[in-house]
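Here is how the chains run, residue by residue.
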Amino acid sequence: MIKSPLQIAREKYVPKVPAALKGSVKIVEGRKTQSVADQSDIEKMFPNTYGLPLLSFETDGSEKKYPAQKVGVILSGGQAPGGHNVISGLFDGLKRLNDDSKLYGFLGGPSGLIDNEYKELTSDIIAHYRNTGGFDIIGSGRTKLEEEAQFDKALENCKKLGINALVIIGGDDSNTNAAVLAEYFVAKGAGIQVIGVPKTIDGDLKTEMIETSFGFDTACKVYSELIGNIQRDANSARKYYHFIKLMGRSASHIALECALQTQPNIAIISEEVEAKNMTLDDVVDQIVEVVVKRAENGDNFGSVLIPEGLVEFIPAMKSLISELNDLLAKYESEVNALESNKERRDFVAAKLSKESAEVFTHLPGSFANQLLLDRDPHGNVQVSMIETEKLLIDMVKTKVKKLKKEGKFNGKFKGQAHFFGYEGRCAAPTNFDADYTYSLGNTAAILIAEGKTGYMAAVRNLKAPADEWIAGGVPITSMMNMERRHGAMKPVIRKALVKLDGKPFGKFADNREDWAMNTRYVYPGPIQYFGPKEVCDLPSKTLELER
Ligand code: FBP
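What you are looking at is a predicted structure, and each value in this text was computed from that prediction instead of being measured.

(A) Region of interest: the pattern of salt bridges. Evaluated as defined, the whole model comprises 31 salt bridges. Lys 245 is paired through a salt bridge with Glu 389; the nearest N and O atoms lie 3.9 Å apart. Residue Lys 245 is found in strand β8 (residues 241-246), and its partner Glu 389 is found in helix α18 (residues 388-405); the two are separated by 144 residues along the sequence. Grouping residues by exposure puts Lys 245 and Glu 389 together as buried. Residues joined by salt bridges that share partners form a network here, namely Lys 16, Asp 435 and Asp 537.

(B) A look at helix α6 (residues 148-161). For α6, spanning 14 residues, the distance from its first C-alpha to its last is 20 Å, which sits close to the expected 20 Å at 1.5 Å a residue. Every buried residue of α6 is listed here: Gln 150, Phe 151, Ala 154, Leu 155, Asn 157, Cys 158 and Leu 161. Where α6 is buried, its residues touch β3 (70-75), β4 (102-106), α4 (110-115), β5 (118-120), β6 (165-170) and α7 (172-187). With its phi angle positive at about 75 degrees, Gly 162 sits one or two positions after the end of α6.

(C) Up close: the site of the ligand. Lining the immediate surroundings of the ligand are 14 residues, of which Gly 78, Thr 200, Asp 202, Glu 308 and Tyr 422 lie closest. Gly 248 is positioned with one of its backbone polar atoms (N or O) 3.2 Å from an oxygen atom of the ligand. In the complex, the protein chains occlude 85% of the 480 Å² of accessible area that the ligand would expose alone. Lining the shell around the ligand are residues from two domains, each supplying at least three of them: domain 1 (18-215 + 429-493) and domain 2 (216-308 + 387-425 + 501-546).

(D) The sheet that holds strand β1 (residues 25-32), seen in detail. Taken in spatial order, the 9 strands of this open sheet run β1-β2-β13-β12-β7-β6-β3-β4-β5, and their pairing is mixed. Where the open sheet ends on each side, the last strands, each with one partner, are β1 and β5. Neighbour to neighbour, the strand axes of the sheet diverge by 25 degrees on average, direction disregarded. Sheet analysis places β1 next to strand β2 (residues 53-59), joined by 6 bridges and oriented antiparallel.

(E) The arrangement of the environment of Lys 16 in detail. Examined against the element boundaries, Lys 16 turns out to sit in the loop between α1 (5-11) and β1. Judged by relative accessible area, Lys 16 falls into the partly exposed class, the value being 31%. C-alpha of Lys 16 to C-alpha of Gln 231: the two residues are 215 residues apart in sequence and 34 Å apart in space. Setting aside chain neighbours within four positions, we find Lys 16 in contact with Asn 431, Asp 435, Ser 439, Ala 466, Trp 469 and Asp 537. A polar contact is formed between the side chain of Lys 16 and the side chain of Tyr 13, at a distance of 2.9 Å.

(F) Representation of the sheet that holds strand β10 (residues 302-307) within the structure. Reading across from one edge, β9-β10-β8-β11 is the order of the 4 strands in this open sheet, with parallel pairing throughout. Among the strands making up the open sheet, the edge pair consists of β9 (266-267) and β11 (415-420). Sheet topology note: the β9/β10 ladder contains 2 bridges and is parallel. Across the sheet, the residue bridging to Ile 266 is Val 304, located in β10. Along the sheet face, helix α8 (residues 216-237) touches β8, β10 and β11 and points at about 170 degrees away from the line of β8. Here helix α11 (residues 280-296) sits on the sheet and contacts β8, β9 and β10; the angle it forms with β8, its principal contact strand, is near 150 degrees.

(G) Spotlight on the packing of helix α15 (residues 341-351) against helix α16 (residues 354-362). The geometry of α15 relative to α16 is characterised by a closest axis approach of 8 Å and an angle of 160 degrees between their N-to-C directions. By the criterion of interaxial angle, the relationship of α15 to α16 is roughly antiparallel. Contact with α15, carried on its side by Arg 345, Val 348 and Ala 349, involves Ala 357, Phe 360 and Thr 361 of α16 and no other residues of that element. Of the residues assigned to the contact of α15 with α16, the class counts are 4 nonpolar, 1 polar and 1 charged.

(H) Representation of the domain arrangement of the protein chain in the model. You can read the domains of the protein chain as domain 1 (18-215 + 429-493), domain 2 (216-308 + 387-425 + 501-546) and domain 3 (312-383). Computed over C-alpha atoms only, the centres of domain 1 and domain 3 are separated by 36 Å.

(I) Spatial organisation of the packing of aromatic side chains. Taken as a whole, this structure holds 13 aromatic pairs when the rule is applied. On the numbers, 6.1 Å between centres and 55 degrees between planes, the contact of Phe 508 with Trp 515 is tilted. Taken together, the ring pairs connect Tyr 104, Phe 106 and Tyr 118 into an aromatic cluster. Over the ring of Tyr 13 we find Arg 10; its NZ or CZ atom is 4.2 Å from the centre of that ring. The cationic tip of Lys 351 hangs over the ring face of Tyr 331; the distance from NZ or CZ to the ring centre is 5.1 Å.

(J) Expanded view of the side chain of Asn 85. Positionally, Asn 85 belongs in helix α3 (residues 83-97). A polar atom in the side chain of Asn 85 sits 3.1 Å from the backbone oxygen of Ala 434. Residues contacting Asn 85, with those up to four places away along its chain left out, are Pro 15, Tyr 129, Arg 130, Asn 131, Thr 132, Ala 434, Thr 437 and Tyr 438.

(K) Highlighting the packing of α11 against helix α21 (residues 503-517). For the pair α11 and α21, interaxial distance at closest approach is 9 Å and the crossing angle is 50 degrees. Compared by their axis directions, α11 and α21 come out oblique. Within the contact between the two elements, α11 uses Val 290, Lys 293 and Arg 294 and α21 uses Trp 515, Ala 516 and Met 517. Classifying every residue of the contact of α11 with α21 by side-chain character gives 4 nonpolar, no polar and 2 charged.

Rules used in this analysis
- Residue indices follow the written sequence of each chain, beginning from 1 at its first position.
- Totals for whole chains, interfaces and linings use all residues, but because this is a predicted model, local features are given only for residues with pLDDT of at least 70 and pairs of side-chain atoms are given and counted only at 80 or more.
- Excluded from the side-chain calculations are hydrogens and water; all other atoms, namely the structure's heavy atoms, are used.
- Only one rule defines a salt bridge in this text: a Lys or Arg side-chain nitrogen within 4 Å of an Asp or Glu carboxyl oxygen.
- Only DSSP runs of H or I covering at least 4 residues are called helices, and only runs of E covering at least 2 are called strands; the numbering of each starts at the N terminus.
- Exposure classes here rest on a 1.4 Å probe applied to the protein chains alone. A residue is buried below 20% of its type maximum, exposed above 50%, and partly exposed in between.
- What a helix should span is 1.5 Å times the count of its residues minus one.
- Should any heavy atoms of two residues lie within 4.5 Å, those residues are considered in contact.
- We call a residue near a molecule or strand as soon as one heavy atom of that residue lies within 4 Å of the molecule or strand.
- Nitrogen and oxygen atoms within 3.5 Å of one another constitute a polar contact, given that in protein one can donate a hydrogen and the other can accept it, and given that sequence-neighbouring residues count only through two side-chain atoms.
- Accessibility throughout is a Shrake-Rupley quantity obtained with a 1.4 Å probe, and a residue counts as covered only by protein chains that appear here.
- Residue ranges for the domains originate in an automatic or database domain assignment.
- When DSSP finds two or more bridges between two strands, those strands count as paired.
- The axes used here are C-alpha line fits, helices contributing only the stretch in contact, and every angle between their N-to-C directions lies in the interval 0 to 180 degrees.
- With respect to orientation, any angle under 35 degrees is reported as roughly parallel, any angle over 145 as roughly antiparallel, any angle of 65 to 115 as roughly perpendicular, and every other angle as oblique.
- In this classification, the charged set is Asp, Glu, Lys and Arg, the nonpolar set is Ala, Val, Leu, Ile, Met, Phe, Trp, Tyr, Cys and Pro, and all remaining amino acids, among them Gly, are polar.
- A pair of Phe, Tyr and Trp rings is counted when the ring centres sit within 6.5 Å of each other, with Trp represented by its six-membered ring. The angle between the planes then sorts it: under 30 degrees is stacked, over 60 is edge-to-face, the rest tilted.
- Any Lys NZ or Arg CZ that is within 6 Å of a ring centre and within 35 degrees of that ring's normal is treated as a charge sitting over the ring.

Structure follows, in structure tokens:
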């Protein structure tokens, strides 16, 4: 493996951990939990793992002895910076508690567990991945673990290896599956514990007790660096509007965090679009208004941030997408058998409700085609493949052209489209993410040694220096509610969307008019790994404002 000088220097970085994780740990039980909603339904579905107490770790003077553990680890879903440090933290934690413990990595995501594809993770292997980005140490995948047959296969494969605990590093869907698996193993008396770890750049896996998911900090800093660079280019050339779509799936946390870091002229927040019941036209008008006003000041350039999930939050589009989801599931083979996109569009349009057909047939063909692309294994539209940024540029162009003809606009409008997502998901973790993930891995090791199952590893008080962070566990069932999935009600972890009454959105809303008219760009520059704390160890603005 050829390594860059930064990688070599970074390998030596020693992640900072909470004080309690440095020695022997005493587990303190907090209040008993309930699910966030639908308590009786969830309790019925999780009779063994519902209502568990919150856990926090405190320093303990005694030297505890733990038996050796055999643990399997899985990386699930999209990459997020810090995954390798969860694994190194888990490895070091297990070894510290008992040097005979072993760690196995299941390959390629949850499917590795079902297909029994694994490798033992040794200190030599781990050494190459400390503080690096990526999930390539064992790979990741999006296979859903939900069928009983899969659980039985998982049980069989764990038994073969003598595994007594699984750590599932994933987002809301994967941690939901972790909870279901934990319950199943208890019900079967399998003697296999399951611990989840909150991963996702999207930042939508959070609660009072899970302050942030890992990877959000690094990914947003990478995107903010790039947005800052583009804004400086825009301000230098003064001839383009840059429309920048940002990953984040449904939630707009990434777009909001990047807006707080870079102060663009416009940032659309999907949750607000939905709350205000806005149409696509309304969104376009909002952008056009800024373009026209800026032109009056002689500014024919700007930056527009767009969350990738926007289309799903425009009420009419939301209904359309939900109808399309059902239709595409029902007529999958018929749709796939059709030769051209036009035929597919016509076939589907004929089956939509009148209102949705109206919306669908008025979309540009290329955009409508993107709404027909395959869904992911969890039934989600793959929003990263929908080019909202290009659609918005075209729609703004059409409107300003009309305004020009009417004599209401005498500026210029030229759009440039960008999409930032994959650029940030495997970046080397910031100090914050490197420390946070290593601590989460350590925490998972302790939860396992203490015999816990159905818990998510949790590290809180993240605004304080790492030494003062509080490690512990949160019952996964406490984060659940019932939602409709594939036509049936299912227990799932409730997604955390941007709160319009929260402080991060409030700060943005208080400043956006100023940022729109007066160019107030901030250029955050690249992530710094070495140097003063106030440059290298800053948490995200979202975390700073929320806590
Ligand atoms: P997770 O929810 O699995 O963490 O994935 C996050 C994400 O990066 C989203 O922001 C994005 O929409 C999606 O993954 C893209 O998926 P894929 O990697 O399959 O293209």
